[in-house]
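The chain contents come next:
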Amino acid sequence: VYMIRNLIFDLGGVVIKLDQDEAIRRFHSLGIEDAREQMGVYGQTGIFLELERGDIDVETFCRKLAEQAHKEYISYDEAQWGWLGYVKEVPAGRLQNLLKLKEKYKVILLSNTNPLMMAWVDSPAFSGDGHPISYYFDRLYCSYGLHDYKPSLSIFKKVLEAEGLKAEECIFVDDGLKNVEAAEEVGMHGLHVAKDADWMDDLTAMLEKLA
């Protein structure tokens, strides 16, 4: 018997609509010639991955970015501006849906992301009406804080353990199929959604099916 108690969401492509080309364009303009190679659709490589996995801090990232761009210096603000190119839109309807779901379920974020991105996402600038992302979630788990990266099985196990959750009582929602498959492998129910698509109807249907 499944009784879903917990909903775990990805951030980019699920809560936020993404514009990867804009992020790549911004890093190009900062002098990163192979930005496209380093910034994968469902995961980063190189120093971008090191930052998101928590292997390096923001200061080191900015220094390495400057080295790649053959510049003396790239500032925190410039590096953050590059990352925020990813943010195309934060649809208000999705945020409202998260609040509705939060009345009945524990709602958790699990994102491959970095401190530059989260400094904006978890600030009042995020929602357009003065709320940080933490207003919409019970708990935020970020790859850099966990020193791990989806689709590793261990990142899902860390969240289950930290929250004291049973895998079979969780639905994990992501636009990356490999991430959803990894969640299912640890025993969660997975909902794979198309990038940037609205997921509320599919999630509602799944919740009814598992009730």
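For the structure itself, look to the data block above.
Below or above, wherever it landed, is the structure these notes cover. (Residues numbered from 1 in each chain as written. Predicted model: local features only at pLDDT ≥ 70, side-chain atom pairs only at ≥ 80, totals over all residues. Heavy atoms only, no water.)

1. Digging into the overall build of the protein
So, point 1. Looking only at helices and strands, the protein features 11 helices and seven strands.
So, point 2. Dimensions of the protein, computed from C-alpha atoms along their principal axes, come out at roughly 60 × 35 × 25 Å.
So, point 3. Counting only residues that meet the buried cut, the protein has 54% of its 211 residues in that class.
So, point 4. Relative to all contacts within the protein whose residues are 6 or more apart in sequence, the contacts with residues 24 or more apart total 67%.
So, point 5. Of the roughly 10000 Å² of accessible surface on the protein, 49% is carried by carbon and sulfur atoms. (Helix = DSSP H or I, 4+ residues; strand = E, 2+ residues; numbered from the N terminus. Buried < 20%, exposed > 50% of the residue type's maximum accessible area, 1.4 Å probe, protein only. Contact = heavy atoms within 4.5 Å. Areas by Shrake-Rupley, 256 points an atom, 1.4 Å probe, with all protein chains shown as cover.)

2. A closer look at the pairing of strand 5 (residues 139-142)
The two faces of a sheet get side chains in turn, since along a regular strand they alternate between them.
So, point 1. Across four bridges, strand 4 (residues 106-111) lies against strand 5 in parallel orientation. Note that in strand 5 the partner of I108 across the bridge is R139. (Pairing = 2+ DSSP bridges.)

3. A word on the pattern of salt bridges
Working definition: two side chains of opposite charge can pair if their charged atoms are close together.
So, point 1. Within the structure shown, the criterion is met by 14 salt bridges.
So, point 2. Across the pair E169 and R5 runs a salt bridge whose closest N-O atoms are separated by 3.3 Å. Here E169, found in the loop between helix 9 (153-163) and strand 6 (170-174), pairs with R5, found in the segment before strand 1 (6-9); they are 164 residues apart in sequence, far enough to count as distant.
So, point 3. For E169, a relative accessible area of 15% corresponds to the buried category.
So, point 4. Note that R139 and E163 form a salt bridge whose closest N and O atoms lie 2.6 Å from each other. (Salt bridge = Lys/Arg side-chain N within 4 Å of Asp/Glu carboxyl O.)

4. Here's the deal with the sheet that holds strand 1
Picture the strands of a sheet paired through backbone hydrogen bonds; they go either parallel or antiparallel.
So, point 1. Taken in spatial order, the five strands make up an open sheet running 5-4-1-6-7, and their pairing is parallel. Each edge of the open sheet carries a strand with a single partner, namely strand 5 and strand 7 (189-192). The average angle at which neighbouring strand axes cross in this sheet is 20 degrees, direction not considered.
So, point 2. Across four bridges, the pairing between strand 6 and strand 7 is parallel. What sits directly across from I171, in strand 7, is H189.
So, point 3. The sheet contacts of helix 9 involve strand 4, strand 5 and strand 6, and relative to strand 4 the element is tilted by about 145 degrees. (Axes fitted to C-alpha atoms, helices over the stretch in contact; angles between N-to-C directions.)

5. What about the pairing of strand 1?
So, point 1. Here strand 1 shows no split at all, with N6 and I8 on one side and L7 and F9 on the other all buried.
So, point 2. Of the pairings in the sheet, the one linking strand 1 to strand 4 comprises four bridges and is parallel in character. Its bridge partner being in strand 4, I8 is matched across the sheet by I108.
So, point 3. Where strand 1 lies against strand 6, four bridges are found, and the strand directions are parallel. Looking at the pairing, L7 lines up with I171 of strand 6.

6. Re helix 4 (residues 58-68)
So, point 1. For helix 4, the set of buried residues is V58, T60, F61, C62, L65 and A66.
So, point 2. Contact partners of the buried residues in helix 4: helix 1 (20-29), helix 3 (46-52), helix 5 (76-83) and helix 7 (115-121).
So, point 3. Note on helix 4: the residue one or two positions beyond its end, H70, has a positive phi of about 55 degrees.

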